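# Descriptive analysis of the structure
The primary structure of each chain is shown beneath.
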Amino acid sequence: MKRTPLEAWIAGKLPGGAGTLTEQLERYQLRKLRETVAYARDNSPFYRHHLSPLGDNPVTDLRDFASIPFTTASDLRREGTRMLCTSQDEIERVVTLQSSGTTGPPKRLFFTGEDLETTIDFFAHGMATLVEPGRTVIIFLPGTVRDSVGDLLARALDRTNVKPVIWGPVHDAAAARTEILKHRNPCLVGIPTQILALARGDLAGSIPRGWVESVLLSTDYVSGAIEEELKRLWGCRVLTHYGMTETGLGGGVECEAGEGYHLRESDLYTEIIDPVTGVPLPDGEEGEVVFTTLTRRGMPLVRYRTGDRARLVTVPCPCGTPLKRLGRVQGRIETEVLLKEGRRLRMSALDEALFPIPGLLNFAAEVVSREGSDHLHLNLHTVAGEEETVARGILPALITADTTGAFFRDKLLVLGNITFSPAEWSGTGVAKRQILDRRGLK
Ligand SMILES: [Zn+2]
């Protein structure tokens with residue numbers, strides 16, 4: 001098995017010195033954390049105030065660092081340009097994120113050209129896991145806007161002699177399949193439910209097994225069930241990427257082992273904290289992912305709470321690298337629906353239970369209150385003509401799945417209405433999928 005190409009890439013950024021790669025990386029990260037804190041305080045009105053409790057004490061070890069206050073999504077919404085560390089003239093790209101269901105100001109993230117360059121560099125090296133020079137990558141992510149994720153990925157591939165084709169999110173599955181067939185053994189990069197719909201909805205079998213060489217799924221959460229189905233239908237390798245706008249669009253990517261993300265540790269320092277107490281958790285324990293940017297110039301983020309639930313894997317990666325691994329992200333903490341007895345329903349649990357049902361392409365879920373019980377309502381998007389068959393499979397799947405069975409057997413949740421979305425609906429696109437909690441509504 002090939003080692004993650006990120007190891008050599010990260011090692012090349014370290015100044016060297018004594019000790020193992022892990023020791024060198026820790027020294028580098030501590031120095032960069034110290035520099036980032038000083039840079040943020042010196043250059044941004046927000047951080048000058050936010051980090052003032054530190055006084056003049058420098059961060060001397062990672063324990064000190066754990067006492068620094070967090071930054072959050074609401075800081076981004078409220079503070080806006082007060083978090084900037086450069087003049088606006090130096091900003092090359094602003095990403096505006098309007099979170100679903102809220103009316104407050106959007107999150108805005110600012111990147112200098114130098115910041116974007118570090119992401120392109122990460123993409124160029126990370127993609128070497130999946131694709132060799134001379135091959136084609138079809139990008140089913142937004143890419144028409146300069147410096148959008150698809151555009152940055154395409155520029156990264158150009159550098160490594162891989163041909164990028166920017167297609168964008170899939171709105172017309174037949175046209176997307178025709179494009180896939182134009183390129184011999186392509187690698188596809190896209191949103192999990194959209195790539196699943198390309199494979200499962202291909203009833204005529206227009207894409208033969210073995211045609212697609214590899215798939216990279218990129219989103220906040222990738223269901224293992226979707227990954228397995230793509231491997232089964234197409235016989236291809238499937239790896240996943242973890243990242244968000246705040247991490248600089250790229251965050252981490254799996255190696256050939258496919259067992260957790262190797263992170264861009266020369267640009268990001270990652271912690272896992274207890275989401276309630278804020279205390280850092282030992283490696284291996286599941287909690288909230290928090291990261292600090294180490295090289296960001298425009299808008300550095302210090303101990304930024306992502307709201308994502310995951311763990312750092314303690315077992316060494318089968319690929320042989322000493323780099324850390326972040327386990328599969330289990331979805332967003334704030335979108336978990338609290339049921340009776342303090343039990344929590346996650347979208348990831350529904351995904352693992354339902355995506356194994358043949359013919360299901362996507363679904364939307366909401367929890368409502370009816371006569372004192374919590375009911376789960378589902379809206380299904382299925383392969384045409386398969387609506388009734390899929391609907392009949394839902395309850396047995398929910399009851400037998402490891403992830404959801406106990407909720408239904410213990411009567412914490414009752415399956416309510418099942419409805420169907422129009423056949424042409426192509427999912428939620430790039431928006432993150434979540435369970436809507438409508439129990440407060442009449
Ligand atoms: Zn690995």
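Just so you know, these numbers come straight off a predicted model, no measurement behind them.

## Things to note about the domain arrangement of the chain
Often, the extent of an interface is quoted as the loss of accessible area upon association of its parts. Once the domains are mapped, the chain shows domain 1 (5-116 + 259-333), domain 2 (130-254) and domain 3 (336-437). When each unit is reduced to the centre of its C-alpha atoms, the spacing between domain 1 and domain 2 is 27 Å. Domain 1 puts 30 residues into the contact, and the matching count from domain 2 is 24 residues. Overall, the association of domain 1 and domain 2 removes approximately 2000 Å² of surface from exposure, summing both partners, and the carbon and sulfur fraction of that is 55%. Looking only at domain 1, the three residues that lose the most surface to domain 2 are Arg-93, Tyr-261 and Arg-328, adding up to 29% of its buried area. Counting across the domain 1 and domain 2 interface gives 3 salt bridges. Put simply, Glu-254 and Arg-328 hold a salt bridge, and the shortest N to O gap is 3.3 Å. Our count for the contact surface shared by domain 1 and domain 2 stands at 14 residue pairs in polar contact (both at pLDDT 80 or more). Only β1 (91-97), β2 (107-112), β9 (261-263), β11 (287-293) and β12 (304-310) provide two or more residues apiece to the side of domain 1 that touches domain 2. Grouping the amino acids of the side of domain 1 that touches domain 2 by side-chain chemistry returns 16 nonpolar, 5 polar and 9 charged.

## With respect to the sheet that holds strand β17 (residues 360-370)
Within the open sheet, the 4 strands sit side by side as β19-β18-β17-β20. Their pairing is mixed. What marks the edges here is a single partner per strand, and that holds for β19 (414-420) and β20 (436-437). Sheet strands in contact with helix α11 (residues 347-354) are β17 and β18 (373-382), and its direction is about 130° off that of β17.

## Digging into the coordination of the zinc ion
Reference geometry at the metal: tetrahedral coordination by four donors gives ideal angles of 109.5 degrees; octahedral coordination by six donors gives 90 or 180 degrees. Around the zinc ion, the donor atoms from the protein are Cys-255 (SG), His-262 (NE2), Cys-317 (SG) and Cys-319 (SG), and they sit 2.1 to 2.4 Å away. Angles of 105 to 115° at the metal separate the 4 donor atoms of the zinc ion, which places the site in the tetrahedral class. Sequence spacing of the donors to the zinc ion: C-x6-H-x54-C-x1-C. On the criterion of sequence distance, the pair formed by His-262 in strand β9 and Cys-317 in the loop between β13 (312-313) and β14 (325-326) is long-range, its members being 55 residues apart.

## Digging into unusual backbone geometry
The backbone phi angle of Asn-185 is positive, close to 45°, even though this residue is not glycine. Along the chain, Asn-185 turns up in the loop between α8 (173-182) and β5 (187-190). Although it is not a glycine, Glu-341 sits at a positive phi angle of roughly 60°. Within the fold, Glu-341 resides in the loop between β15 (337-338) and β16 (344-345). The exposure class of Glu-341 is exposed, given its relative accessible area of 63%.

## Quick word on the packing of aromatic side chains
Tallied over the entire structure, the rule returns 8 aromatic pairs. Ring centres of Phe-122 and Phe-123 lie 5.8 Å apart, and the angle between their planes is 40°; this geometry places the pair in the tilted category. Here Phe-122 matches Phe-123 in class, with each residue buried. A centroid spacing of 5.4 Å and a plane angle of 45° characterise the contact between Phe-355 and Phe-363, whose relative ring orientation is tilted. The same class applies to Phe-355 as to Phe-363, namely buried.

## Observations concerning the environment of Gly-150
Here Gly-150 is to be found in helix α7 (residues 149-159). Accessibility expressed as a relative area gives 0% for Gly-150, which makes it buried. For the pair formed by Gly-150 and Gly-248, sequence separation is 98 residues and the distance between their alpha carbons is 13 Å.

## Considerations on the pattern of salt bridges
If you walk through the whole model with that rule in mind, you get 39 salt bridges. Salt-bridge contacts for Arg-3 lead to Glu-7; the nearest nitrogen and oxygen are separated by 2.9 Å. With relative accessibility at 42%, the residue Arg-3 sits in the partly exposed group. The structure contains a network of salt bridges with shared partners spanning Glu-286, Arg-309, Arg-311, Glu-336, Arg-344 and Arg-346.

## As for the side chain of Gln-194
By the element assignment, Gln-194 lies in helix α9 (residues 192-200). Looking at Gln-194, the relative accessible area reads 5%, which means it is buried. A polar side-chain atom of Gln-194 sits 2.8 Å from the main-chain amide nitrogen of Val-170.

## What to know about the pairing of β18
For β18, the tally of buried residues reaches 8 of 10 residues, placing the bulk of the element in the interior. From the end of β17 to the start of β18, which pair antiparallel, there are 2 residues, and Glu-371 there has a positive phi angle of about 45°. Relative to β19, β18 is paired through 5 bridges, and the arrangement is parallel. Its bridge partner being in β19, Leu-378 is matched across the sheet by Ile-418.

## Describing the nonpolar core
Ranked by internal contacts, the top residues of the largest apolar core, which has 70 residues, are Met-127, Val-137 and Leu-326. Examining the composition of this core, we find that 7 residues originate from one element, helix α2 (residues 21-43), more than from any other. When residues of this core are assigned to domains, at least three map to each of domain 1 (5-116 + 259-333) and domain 2 (130-254). For Val-137, the residues in contact, after removing those within four places along its chain, are Met-127, Val-131, Leu-157, Val-162, Lys-163, Pro-164, Val-165, Cys-187 and Val-189. Membership of the second largest hydrophobic core comes to 50 residues, among which are Ala-225, Trp-234, Leu-354 and Ala-397.

Calculation rules
Residues numbered from 1 in each chain as written. Predicted model: local features only at pLDDT ≥ 70, side-chain atom pairs only at ≥ 80, totals over all residues. Heavy atoms only, no water. Domains from an automatic or database assignment. Contact = heavy atoms within 4.5 Å. Buried area = accessible area lost by both parts, 1.4 Å probe. Salt bridge = Lys/Arg side-chain N within 4 Å of Asp/Glu carboxyl O. Polar contact = N/O pair within 3.5 Å; in protein donor to acceptor, adjacent residues only side chain to side chain. Helix = DSSP H or I, 4+ residues; strand = E, 2+ residues; numbered from the N terminus. Nonpolar A, V, L, I, M, F, W, Y, C, P; charged D, E, K, R; others polar. Pairing = 2+ DSSP bridges. Axes fitted to C-alpha atoms, helices over the stretch in contact; angles between N-to-C directions. Donors = N, O, S within 2.8 Å, 3.2 Å for Na, K, Ca; no water. Tetrahedral: all angles 85-135°; square planar, octahedral: opposite > 155°, others 65-115°. Buried < 20%, exposed > 50% of the residue type's maximum accessible area, 1.4 Å probe, protein only. Phe/Tyr/Trp six-rings, centres within 6.5 Å; stacked < 30°, edge-to-face > 60°. Core = buried A, V, L, I, M, F, W, Y, C linked by side-chain atoms within 4.5 Å.

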